[in-house]
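Residue-level listing of the chains:
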Amino acid sequence: MIVNYSKRWRIGDRILKEAGVEFLIKKWVGFPMKKLINGIINFRKNFLHEYRNRFSKLVAGQLPDALLITCCDSRVVPNILVSTNPGDLFVLRNIGNLVPPYQADYQHNTDTSVVAAIEFAVFTLKVSDIIICGHSECGAVSALLDKQFSSDNGALKTWLKYAEPAYKKFQQGLLIDSNLAPHNRLSRINVIQQLDHLQTYPCIAERLQAGTLRTHGWWFDLATANIYHHEPETENFILIDDKKAAKIFSMLFRKSSP
Ligand SMILES: [Zn+2]
């Protein structure tokens, strides 16, 4: 199979050179897939022995620590950022890390993917924590801010309606951190907004009330690779590092107390 692929790659390369646009089209035709397949080979060679045992145990089922809801953005890499292993995180990704508010008649709603993931995490996996993680330089948030939609991204415009309440708060001057660029400020407000949406789900509201579930807001800063934790009392986002860890742990403990 690899031999065939290499052959295809060489043929593609020759055609592109003849067309004189090899640099641009090489990326479309072959290079990304070549990189990914080489990545699999590299994993098999250098890392599979470390993971084989872990994966074989996971065949019996998953018991993840938390549901993490984050953006599709390729620069956000949850398992690396929080040093987790396979089976540790149940991850739901969508454009802008959005949670549509709960609707009782969701069977007629087109956004059932998110509802299904949340309900599976809560009812079946019985996760104790749900994290919404936004990030800096988020394209969805920038699109919301710029309102520049073409006919090619009509679905995006429709989807982003779930972030509109955050945009309104941003327009009203809700201060999260005035030092941040506008799109990053809005991105943080959006994390808080989506946490509010989570609470509209009866299964979540009941468990929050009973103290059997906790929700958390995180924000990932691409430039520094830092992750910040939302502090509900102040609406501030606190850097998660060894100095602030004790404060964050005590905050979590308070939240989980009846
Ligand atoms: Zn994003």
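This structure is a prediction, so every number in the text was calculated from the model and none was measured.

Caption draft 1: Inspection of the overall build of the protein at higher detail. In terms of regular secondary structure, the protein is built from 12 helices and six strands. Restricting the contact set of the protein to residue pairs at least 6 apart, pairs at least 24 apart contribute 62%.

Caption draft 2: Region of the structure containing the sheet that holds strand S4 (residues 214-221). The mixed open sheet is built from six strands, whose spatial order is S2-S1-S3-S4-S5-S6. Taken across any chain shown, the strands that pair with only one partner, and hence form the sheet edges, are strand S2 (89-94) and strand S6 (236-239). Recorded for the sheet is a direction-independent mean angle of 30° between the axes of neighbouring strands. Both strand S1 (residues 66-71) and strand S3 (residues 129-135) contribute to a ladder of four bridges, which runs parallel. Looking at the pairing, Ile69 lines up with Ile132 of S3.

Caption draft 3: Structural view of the nonpolar core. The biggest cluster of nonpolar side chains holds 41 residues, and the ones touching the most others in it are Leu67, Ile69, Val127, Ile130, Ile131, Ala140 and Leu144. Residue assignment for this core shows that the elements contributing at least two residues are S1, helix H6 (112-124), S3, helix H7 (139-146), helix H9 (164-171), helix H10 (182-198) and S4. In this structure, Ala140 is in contact with Cys71, Ile95, Gly96 and Leu160, ignoring residues within four places of it in sequence.

Caption draft 4: How the structure looks around the pairing of S6. Sheet topology places strand S5 (residues 226-231) next to S6; four bridges connect them, and they run antiparallel. Note on S6: the bridge partner recorded for His230 is Phe237. Here S5 folds back onto S6, and the loop between the two strands holds four residues, one of which, Glu235, carries a positive phi near 65°.

Caption draft 5: Spatial organisation of the pairing of S5. Two elements, S4 and S5, share four bridges in a ladder whose sense is antiparallel. Within S5, the residue paired with Asp221 across the bridge is Asn226.

Caption draft 6: Up close: the packing of H6 against helix H11 (residues 202-210). Viewed as axis vectors pointing N to C, H6 and H11 meet at an angle of 40°, and their least axial separation amounts to 10 Å. As the angle between them shows, H6 and H11 are arranged oblique. As for how H6 packs across H11, the hand of that crossing is left-handed. Two secondary-structure elements touch here, H6 through Glu119, Val122 and Phe123 and H11 through Cys203, Ile204 and Arg207. Split into classes, the residues belonging to the contact of H6 with H11 amount to four nonpolar, no polar and two charged.

Caption draft 7: Spotlight on the environment of Val191. By the element assignment, Val191 lies in helix H10. Distance from Val191 to Gly134, taken between C-alpha atoms, is 5.8 Å for residues 57 residues apart in sequence. Filtering out sequence-adjacent residues up to four positions away, Val191 remains in contact with Ile132, Gly134, Gly217, Trp219 and His230.

Caption draft 8: Here's a closer look at the confidence of the model for the protein. Here the protein averages 86 in pLDDT, while 85% of its residues score no lower than 70. Counting contacts from residues 1-16, a segment whose pLDDT is below 50, to residues more than four positions away or on other chains yields 12 contacts.

Caption draft 9: Structural view of the packing of H7 against H10. Where H7 contacts H10, the axes come no closer than 9 Å and their chain directions differ by 110°. Here H10 runs roughly perpendicular to H7, going by the angle between their axes. Where H7 abuts H10, its residues Val141, Ser142, Leu144 and Leu145 lie against Pro182, His183, Leu186, Ser187 and Asn190.

Caption draft 10: Broad picture of unusual backbone geometry. With a phi angle near 55°, Lys126 is a residue other than glycine that sits in the positive phi range. Structurally, Lys126 can be placed in the loop between H6 and S3. A positive phi angle is found at Ala225, which is not glycine, with a value near 60°. Residue position: Ala225 is located in the loop between S4 and S5.

Procedures and definitions
- Residues numbered from 1 in each chain as written.
- Predicted model: local features only at pLDDT ≥ 70, side-chain atom pairs only at ≥ 80, totals over all residues.
- Helix = DSSP H or I, 4+ residues; strand = E, 2+ residues; numbered from the N terminus.
- Contact = placed C-beta atoms within 7 Å.
- Pairing = 2+ DSSP bridges.
- Axes fitted to C-alpha atoms, helices over the stretch in contact; angles between N-to-C directions.
- Core = buried A, V, L, I, M, F, W, Y, C linked by C-beta atoms within 7 Å.
- Buried ≥ 20, exposed ≤ 12 C-beta atoms within 10 Å, placed from the backbone.
- Parallel < 35°, antiparallel > 145°, perpendicular 65-115°, else oblique.
- Left-handed = near helix turned anticlockwise from the far one by under 90°.
- Nonpolar A, V, L, I, M, F, W, Y, C, P; charged D, E, K, R; others polar.
- pLDDT = per-residue confidence, 0-100.

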